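Summary of structural features
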Amino acid sequence: MRYFSYDKNNYGEFIFVEDGVGISQLELKKDCFSYGEMVEKETALLAQAKLEVREFFIGKRKNFTVPLSLHGTDFQMKVWQKLREIPYGQTYTYGQLATSIGNPKAARAVGMANNRNPILFMVPCHRVIGSTGALTGYAAGLDLKAKLLQMEKEFK
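Residues numbered from 1 in each chain as written. Predicted model: local features only at pLDDT ≥ 70, side-chain atom pairs only at ≥ 80, totals over all residues. Heavy atoms only, no water.

1. With respect to the overall build of the protein chain
Keep this limit in mind: Under the DSSP-based scheme used, a helix requires at least four consecutive residues in state H or I and a strand at least two consecutive residues in state E, with every element numbered from the N terminus. As defined in this context, the radius of gyration uses C-alpha atoms, and a globule is described by 2.2 Å times the residue total to the power 0.38.
Helix and strand counts for the protein chain come out as five helices and six strands. Along the chain direction, N to C, the helices and strands of the protein chain fall in the order β-β-β-β-α-α-β-α-α-β-α. Scaling as 2.2 N^0.38, a compact globule of 156 residues should have a C-alpha radius of gyration of about 15 Å, and the protein chain matches this with 15 Å. Projected onto its principal axes, the C-alpha coordinates of the protein chain cover approximately 45 × 35 × 25 Å.

2. Examining the environment of Ala109
Summarising the element assignment, Ala109 is placed in helix 4 (residues 107-115). Distance in space between the C-alpha atoms of Ala109 and Lys156 is 29 Å, their sequence separation being 47 residues.

3. Considering helix 1 (residues 44-57)
Quick note on the threshold: Given the number of residues in a helix, its expected span is that number minus one, multiplied by 1.5 Å. Any residue under 20% of the maximum accessible area for its type is buried, any over 50% is exposed, and the rest in between are partly exposed; the area is computed with a 1.4 Å probe on protein chains only. Should any heavy atoms of two residues lie within 4.5 Å, those residues are counted as being in contact.
Taking 1.5 Å of rise per residue, 14 residues should cover 20 Å, and helix 1 covers 20 Å from first to last C-alpha, within 8% of that figure. Taken as a whole, helix 1 has its buried residues at Leu45, Leu46, Ala49, Lys50, Glu52, Val53, Glu55, Phe56 and Phe57. Next to the buried residues of helix 1 lie strand 1 (2-9), strand 2 (12-18), strand 3 (23-28) and helix 5 (142-155). Phi for Gly59, located one or two positions after helix 1, is positive at around 80°.

4. Examining the packing of helix 2 (residues 74-83) against helix 4
Using the following cut-off: To define axes, lines are fitted to C-alpha atoms, for helices over the stretch in contact only, and angles between the resulting N-to-C directions are given on a 0 to 180 degree scale. For this classification, under 35 degrees means roughly parallel, over 145 means roughly antiparallel, 65 to 115 means roughly perpendicular, and everything else is oblique. Residues are grouped as follows: nonpolar covers Ala, Val, Leu, Ile, Met, Phe, Trp, Tyr, Cys and Pro; charged covers Asp, Glu, Lys and Arg; every other residue, Gly included, is treated as polar.
Where helix 2 contacts helix 4, the two axes come as close as 9 Å, and the packing angle between them is 80°. One finds that helix 2 runs roughly perpendicular with respect to helix 4. In this structure, helix 2 contributes Phe75, Gln76, Val79, Trp80 and Leu83 to the contact, and helix 4 contributes Ala109, Val110, Ala113 and Asn114. Within the contact of helix 2 with helix 4, the residues separate by chemical class into seven nonpolar, two polar and no charged.

5. Remarks on the pattern of salt bridges
We apply this condition: Between Lys or Arg on one side and Asp or Glu on the other, a salt bridge is scored when a side-chain nitrogen of the former is within 4 Å of a carboxyl oxygen of the latter.
In total, this model carries six salt bridges according to the counting rule given. Of the charged contacts in the structure, one is a salt bridge between Asp7 and Arg54, with a shortest N-O distance of 3.0 Å. Here the residue Asp7 occupies a position in strand 1, and Arg54 occupies one in helix 1, the gap between them amounting to 47 residues. Judged by relative accessible area, which is 13%, Asp7 ranks as buried. For Glu152, the salt bridge goes to Arg127, with nearest N and O atoms at 2.9 Å. Taken as a pair, Glu152 in helix 5 and Arg127 in the loop between helix 4 and strand 6 (128-129) lie far apart in primary sequence, 25 residues in all. Accessibility classification places Glu152 together with Arg127 in one group, the buried group.

6. Digging into the sheet that holds strand 3
Selection criterion: Here a strand pair is declared whenever DSSP counts at least two bridges between the two strands.
Across the sheet, four strands lie side by side as 3-2-1-4; this open sheet has mixed pairing. With one partner strand each, in any of the chains shown, strand 3 and strand 4 (38-40) form the two edges of the open sheet. Averaged over all adjacent pairs, the angle separating strand axes in this sheet is 30°, with direction ignored. Pairing analysis gives three bridges linking strand 1 to strand 4, with the strands arranged parallel. Along strand 4, the bridge assignment pairs Arg2 with Met38.

Here it is in structure tokens:
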């Protein structure tokens, strides 16, 4: 069974989803695409995730400890793991990320894996930028990406 809960802050209204193993989705409520049956219920995992995200937004948390439950292709999983290794307040380009997973010509594929990331902030795809330093592609919108990067810069 999958459970969900909402939380709202200055950055938006978010939906948190857990599958009994870990957090499986964290998205803007307006962007959520449900996959299968879910029940609204405040579980311990959801409460922990919401607390950690609140702490993240006030600069009190730099790393998340709540268990995650990621499901994707082998390539996506490799990209998402590398995303979790990008230090708070730093950015990588898509090319740097592709090189770091041993596939320097896969910058576009890395971008697509980022786009499929189901867990905003906790798998920090907002820390990946274009080769010129420009903000490019973010499933939750470039405005939110800019705000997140600015927030991390301020709290670093």
